Amino acid sequence: MDEPVRDLVVRGCDVLVEPGDLREQVDLVLAGERVAAVGVGAAGVGGSAAGAGARELDGRGLLAIPGLVNAHTHSPENCLRGVGEGLGLEPWLMTMFGAGGDLDAEAHEVTVLAGAAEMLRNGTTSVIDHLWMTPPSPRALDAALRAYAASGMRATVAPLMEDRDVTDQLAAQLGLDVSAGLVTALPEALGTTELLAVLRHAFETWHGAEDGRLRILAGPGGVQWASDELLLGSAELAARHGGGVHIHLLETTVQAAACRAAFGRSGLQRLADLGLVGPGLSLPHSVWIEAADVETIAAGGATVVHNPAANTRLGSGRAPIAALLRAGAHVALGTDGSASSDNQSVWDAMKLAALIHNDADADVWVGSAEVLRMATTGGVRVMARGGGGAAGATADGLGTLRPGAPADFALLDRRVSGLAGAFALEPSLVLSEDGRAVRHVFVAGRQLVADGRCLTIDEADVNGRLRELAQRRARDADPLPAAVARAVGQMRALRQALAERGP
Ligand SMILES: [Zn+2]
């Protein structure tokens, strides 16, 4: 592998430093892992600002943008694309886990590398991987993190953990049996103590590794899927290590009703009562939060991670993103796992986020600058780089191309279809571009994609192995094993009964 390029001048390019700050025909100068300067003649005569001997890249016709952040995904689902079409989340989840089977260390390596390559080539430089494992173990976790280390990508891994499922209380109200469809009925379910031991291993082994490029978050699976002991124990470990907490929140009407039935309050209020709502908390989905929850999230400085593709694919509903933005809440963007999205394109997420909330009659619009911030600095907040505190999440400028910021960026060709016809740049980035213009990608000053080719991952090899994983699973799941089919049937009946009763 080539030595990392640490000093570079991209000469004569355009630079979107952050939304609203476009500099045209300037030099982008890197020193070490950071942006040194952006401006006309910033490289100085002979590139002196970057140090003698700096590498030069002809930037004419290219546009540098901050690297995109995919703030919520599940890497194992890269071999489960297209699964469970036409199902809502609860029966889909049972189908997906049933088809997924057990993932060994090699499967984690392959699914991470395939997703990383897909994201990097699209200009996505950071990912938050809510990593499910069957079951959670140091061996599976280490395999995933070793793969992220090799990819060069900036990765934050939240090991997904579940030790309780209160959906049976809602089912009992409705006179239904969902015993086969609970997440605690999955064969890989572990107890609270064992789960927290895996999380402790993750923090102690990987948090801050690779010069801070790799981070760990606590990752309880969902408010209705975790005991107080798991939530508080996870948060305590995260606080001790300067990390945060990443937890699915109220993705569906079933989850909202299950929380009401079991806790007598909203799922978000349960987290607030446990003292978990703060700047280090990130909340994928938040589709069925209540009006008071919007205020609690905004006041607490927590971040909602919007996943419009998965929410639409599963028919879950539309998160109140416009209301959250109006309340001053932080919002990030995710693809969610490829079993529900069904790719790892932050471009798709941006386009959907910019489209599905607009309402001309109510004069409600989610603008391209807001969407670009969700996909950059919004996602950086989810990494909880300032620990649980508010300061530091973006203090060093990650997510922008300001001088001093870590040099995570993509260079897009403005001359190809999509961007070539851009009358207004930012709306065109969000609505016209789909990643095809990405030519070169850098993370922490190191080039990971050159001329559209990933330098750190052998994509032909990885995708060959990914195809084997997917084909084996498709064969084993046709037909679905009887226990899985029973779980799917119970969860379909639950969704239907709740829809008839009303939430
Ligand atoms: Zn998810």
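Since we're looking at a predicted model, the values are computed, not measured. Along each chain, residues carry numbers from 1 onward, in the same order as the chain's sequence is written. For a predicted model such as this one, the threshold for reporting local features is a pLDDT of at least 70, and the threshold for listing and counting side-chain atom pairs is 80 or more; totals across whole chains, interfaces and linings nevertheless cover every residue. The basis for every side-chain value is the complete set of non-hydrogen atoms in the structure, without hydrogens or water.

Quick word on helix α13 (residues 346-355)
Right, on to step 1. Among all positions in α13, only Val346, Trp347, Ala349, Met350, Ala353 and Ala354 are buried. Down the axis, α13 shows its buried residues gathered within 160 degrees of arc, on one side only.
Right, on to step 2. Within 3.5 Å is the distance limit for a polar contact, defined as a pair of N or O atoms, with the added protein rule that one can donate a hydrogen and the other accept it, and that residues adjacent in sequence qualify only through two side-chain atoms. Starting at the N terminus, helices and strands are each numbered in turn, a helix being any DSSP run of H or I of at least four residues and a strand any DSSP run of E of at least two. Among the residues of α13, the N-terminal cap falls to Ser345, whose side-chain oxygen and the backbone nitrogen of Trp347 are separated by 3.3 Å. Relative accessibility decides the category of a residue: with a 1.4 Å probe and only protein chains considered, values under 20% of the type maximum give buried, values over 50% give exposed, and everything between is partly exposed. This arc describes the spread of directions from the helix axis toward the C-beta atoms.

Quick notes on the packing of aromatic side chains
Right, on to step 1. The criterion for an aromatic pair is that two Phe, Tyr or Trp rings (for Trp, the six-membered ring) have centres within 6.5 Å, with stacked assigned to planes under 30 degrees apart, edge-to-face to planes over 60 apart and tilted to the rest. All told, the structure shown has 2 aromatic pairs when counted by the stated rule.
Right, on to step 2. With centroids separated by 5.1 Å and ring planes inclined at 75 degrees, the aromatic side chains of Phe97 and Trp132 adopt a geometry described as edge-to-face. Pair noted here: Phe97 is in helix α1 (residues 89-100) and Trp132 is in the loop between β7 (124-131) and α3 (138-151), with a separation of 35 residues, a long-range link.
Right, on to step 3. Residue class for Trp132 comes out buried when judged on its relative accessible area of 4%.
Right, on to step 4. Centroid distance Phe409 to Phe442: 4.7 Å. Interplanar angle 5 degrees. Geometry classified as stacked. Of this pair, Phe409 sits in strand β15 (residues 409-413) while Phe442 sits in strand β16 (residues 438-443), and the two are 33 residues apart along the sequence. For the pair shown, Phe409 and Phe442 are each scored as buried.

What to know about the packing of helix α7 (residues 253-263) against helix α17 (residues 482-501)
Right, on to step 1. For the pair α7 and α17, interaxial distance at closest approach is 10 Å and the crossing angle is 75 degrees. Taken as axis vectors, α7 and α17 run roughly perpendicular relative to one another. Along the contact surface, α7 presents Thr253, Val254 and Ala257, while α17 presents Leu494, Arg495, Leu498 and Arg501.
Right, on to step 2. For the contact of α7 with α17, a count of residues per class yields 4 nonpolar, 1 polar and 2 charged. All axes are obtained by fitting lines to C-alpha atoms, using only the stretch in contact for helices, and the reported angles, taken between N-to-C directions, cover 0 to 180 degrees. An angle counts as roughly parallel when it lies under 35 degrees, as roughly antiparallel when it exceeds 145, as roughly perpendicular when it falls between 65 and 115, and as oblique in every other case. Note on definitions: a residue-residue contact is assigned when non-hydrogen atoms from the two residues lie within 4.5 Å. Under the convention adopted here, Pro, Cys and the residues Ala, Val, Leu, Ile, Met, Phe, Trp and Tyr are nonpolar, Asp, Glu, Lys and Arg are charged, and Gly plus all remaining residues are polar.

Looking at the coordination of the zinc ion
Right, on to step 1. Here a donor is an N, O or S atom found within 2.8 Å of the metal, or within 3.2 Å if the metal is Na, K or Ca; sites may look incomplete because water is not among the atoms. Taken together, His72 (NE2), His74 (NE2), His248 (NE2) and Asp336 (OD) make up the protein donors of the zinc ion, found 2.1 to 2.6 Å from the metal.
Right, on to step 2. Considering all 4 donor atoms around the zinc ion, angles at the metal cover 82 to 176 degrees and the coordination shape is irregular.
Right, on to step 3. Each donor residue of the zinc ion lies on one chain, and together they are spaced H-x1-H-x173-H-x87-D. Linking His248 in the loop between β11 (245-246) and α7 with Asp336 in the loop between β14 (330-333) and α12 (338-341), this pair joins segments that are 88 residues apart in sequence. Grouping residues by exposure puts His248 and Asp336 together as buried. In these descriptions, tetrahedral denotes four donors with every angle between 85 and 135 degrees, square planar four donors and octahedral six donors with opposite donors over 155 degrees apart and the rest between 65 and 115, and irregular any other case.

Observations concerning the pattern of salt bridges
Right, on to step 1. Salt bridge criterion: a side-chain nitrogen from Lys or Arg within 4 Å of a carboxyl oxygen from Asp or Glu. The full count for this structure, using the stated rule, is 25 salt bridges.
Right, on to step 2. Arg34 is the partner of Asp396 in a salt bridge, and the nearest nitrogen-oxygen pair spans 3.9 Å. Remark: Arg34 occurs in strand β3 (residues 34-39) and Asp396 occurs in the loop between α14 (368-382) and β15; sequence separation between them is 362 residues.
Right, on to step 3. Asp396 sits in the partly exposed class, given a relative accessible area of 24%.
Right, on to step 4. Between Asp434 and Arg436 there is a salt bridge whose closest N-O contact spans 2.7 Å.
Right, on to step 5. Judged by its relative accessible area of 31%, Asp434 is partly exposed.
Right, on to step 6. Salt bridges sharing partners connect three or more residues here, namely Glu106, Glu109, Asp461 and Arg465.

Points about helix α16 (residues 459-476)
Right, on to step 1. Multiply 1.5 Å by the residue count of a helix minus one, and that product is the helix's expected span. Taking 1.5 Å per residue, 18 residues should reach 26 Å; α16 reaches 26 Å between its end C-alpha atoms and fits that length.
Right, on to step 2. Turning to α16, its buried residues number three or more, namely Glu459, Val462, Leu466, Leu469 and Arg473. For α16, the buried positions fall inside an angular range of 95 degrees around the axis, keeping them on one side. Exposed residues pointing more than 90 degrees away from the buried face of α16 are listed as Ala460, Arg467 and Arg475.
Right, on to step 3. For α16, the elements touching its buried residues are α1, α2 (105-121) and β18 (453-454).

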